[in-house]
Amino acid sequence: MRLRRKKHLDQRLEISQEYLVKISGNYPPNPNLPGEIDESLTPAEIFGNDNPTHLEIGCGKGQFILELAARHPEINFLAVELQPSVIVDAVKKIAEDDIKNVKFILTAAEYLARYIKPHTIERIYLNFSTPFPKKSQKNIRLTYSRYLELYKTLMVEGGEIHQKTDNMHLFEFSLEEYSKCGYHIRNISLDLHNSDFEGNIVTEYEYKFSSKGMPIYRVEAVKRD
Ligand SMILES: C[S@@+](CC[C@H](N)C(=O)[O-])C[C@H]1O[C@@H](n2cnc3c(N)ncnc32)[C@H](O)[C@@H]1O
């Protein structure tokens, strides 16, 4: 039963190949293995234009990135997601509608340097990243210092991370990690939906949490060096 579902999933992704950024070789990619060549691309090579490029990590079903891309045809969007089963419908939608300014990368954030050339990304969105609440899991939170250093290598000078979460502990942890890694923190909101912030695009998880009355935390962290 599981096998049949997987086959179906592969077929659905197969028809949308041109909307996926892919590398060959091992998955997970292992840069230490001989023969693992650098296949990373610039956004210009991926999209065929010189528009600025924004990246969402952990895009889930893609609701946020598709809406953002429709509002901003002058920007390229790369959407990263670990689980193919989650984004298969979003990939199918951009293929059907022939949306030109979005491409998906099916990988874990830690492997992004294998896909994207350094210093090419203007902005990174982290929306409702999995909070991983146990202390022992802090090094897999997407705002752990190891990830923030990776994001610095991907982003241009002055690149920005825009983060939203419902989880106060993840939010506090993230603020500490941004400071530790030398990011400049700005525009903090402790209750986004009751603030004067304009143009917010509600994500799937944001809708789920805010409709239960939970406050949404938001911050921007700017790369300084
Ligand atoms: C809680 S969901 C949020 C989805 C969406 N951003 C939203 O706000 O509705 C977190 C998503 O991040 C993905 N994810 C978790 N760890 C990841 C990683 N290391 N790299 C890429 N995606 C990851 C999960 O598979 C999941 O789809």
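This text goes with the structure placed above it.
These remarks concern the structure in this document. (Residues numbered from 1 in each chain as written. Predicted model: local features only at pLDDT ≥ 70, side-chain atom pairs only at ≥ 80, totals over all residues.)

1. Points about the nonpolar core
For step 1, the next point in the chain: Among the nonpolar cores identified, the biggest contains 42 residues, and Ile65, Ala79, Val80 and Ile124 are the most heavily contacted of them.
For step 2, the next point in the chain: In terms of residue count, helix α4 (residues 84-96) provides more of this core than any other element does, five residues in total.
For step 3, the next point in the chain: Aside from chain neighbours lying at most four places away, what touches isoleucine 124 is Leu55, Ile57, Tyr151, Met155 and Ile161. (Core = buried A, V, L, I, M, F, W, Y, C linked by C-beta atoms within 7 Å. Buried ≥ 20, exposed ≤ 12 C-beta atoms within 10 Å, placed from the backbone. Helix = DSSP H or I, 4+ residues; strand = E, 2+ residues; numbered from the N terminus. Contact = placed C-beta atoms within 7 Å.)

2. Comments concerning the site of the ligand
For step 1, the next point in the chain: The environment of the ligand is made up of 19 residues, and the closest members are Gly58, Gly60, Phe128, Thr203 and Tyr205.
For step 2, the next point in the chain: Of all the secondary-structure elements, those providing two or more residues to the shell around the ligand are β2 (76-81) and α7 (204-210).
For step 3, the next point in the chain: The greatest single-element share of the shell around the ligand, amounting to three residues, is contributed by α7.
For step 4, the next point in the chain: Residue composition of the shell around the ligand, by class: nine nonpolar, seven polar and three charged. (Near = placed C-beta within 6 Å. Nonpolar A, V, L, I, M, F, W, Y, C, P; charged D, E, K, R; others polar.)

3. A look at helix α5 (residues 145-154)
For step 1, the next point in the chain: Those residues of α5 that sit buried are Tyr147, Leu148, Tyr151 and Leu154. Down the axis of α5, the sector holding all buried residues measures 115 degrees, keeping them to one side. Of the exposed residues in α5, those oriented more than 90 degrees away from the buried face are Arg146 and Glu149.
For step 2, the next point in the chain: Where the residues of α5 are buried, they touch β4 (121-127), β5 (155-165) and α6 (168-180). (Arc of directions from axis to C-beta.)

4. Examining the sheet that holds strand β3 (residues 102-106)
For step 1, the next point in the chain: Spatial strand order, β3-β2-β1-β4-β5-β7-β6: seven strands in an open sheet with mixed pairing. Edge positions in the sheet fall to β3 and β6 (184-189), since each of these pairs with one other strand and no more. Adjacent strand axes in the sheet meet at a mean angle of 20 degrees, parallel and antiparallel pairs treated alike.
For step 2, the next point in the chain: As judged from the five bridges shared by β2 and β3, these two strands associate in the parallel manner. If you follow leucine 78 over to β3, its bridge partner there is lysine 103.
For step 3, the next point in the chain: Lying on the sheet, α5 is in contact with β4 and β5; it crosses β5 at an angle near 135 degrees.
For step 4, the next point in the chain: Sheet contacts for α6: β5, β6 and β7 (217-222); angle to β7, the most-contacted strand, approximately 15 degrees. (Pairing = 2+ DSSP bridges. Axes fitted to C-alpha atoms, helices over the stretch in contact; angles between N-to-C directions.)

5. With respect to α4
For step 1, the next point in the chain: Between the first and last C-alpha of α4 there are 18 Å, a value that for 13 residues agrees with the 18 Å anticipated at 1.5 Å per step.
For step 2, the next point in the chain: Phi turns positive one or two residues past the end of α4, at aspartate 98, with a value near 50 degrees. (Expected span 1.5 Å × (residues − 1).)

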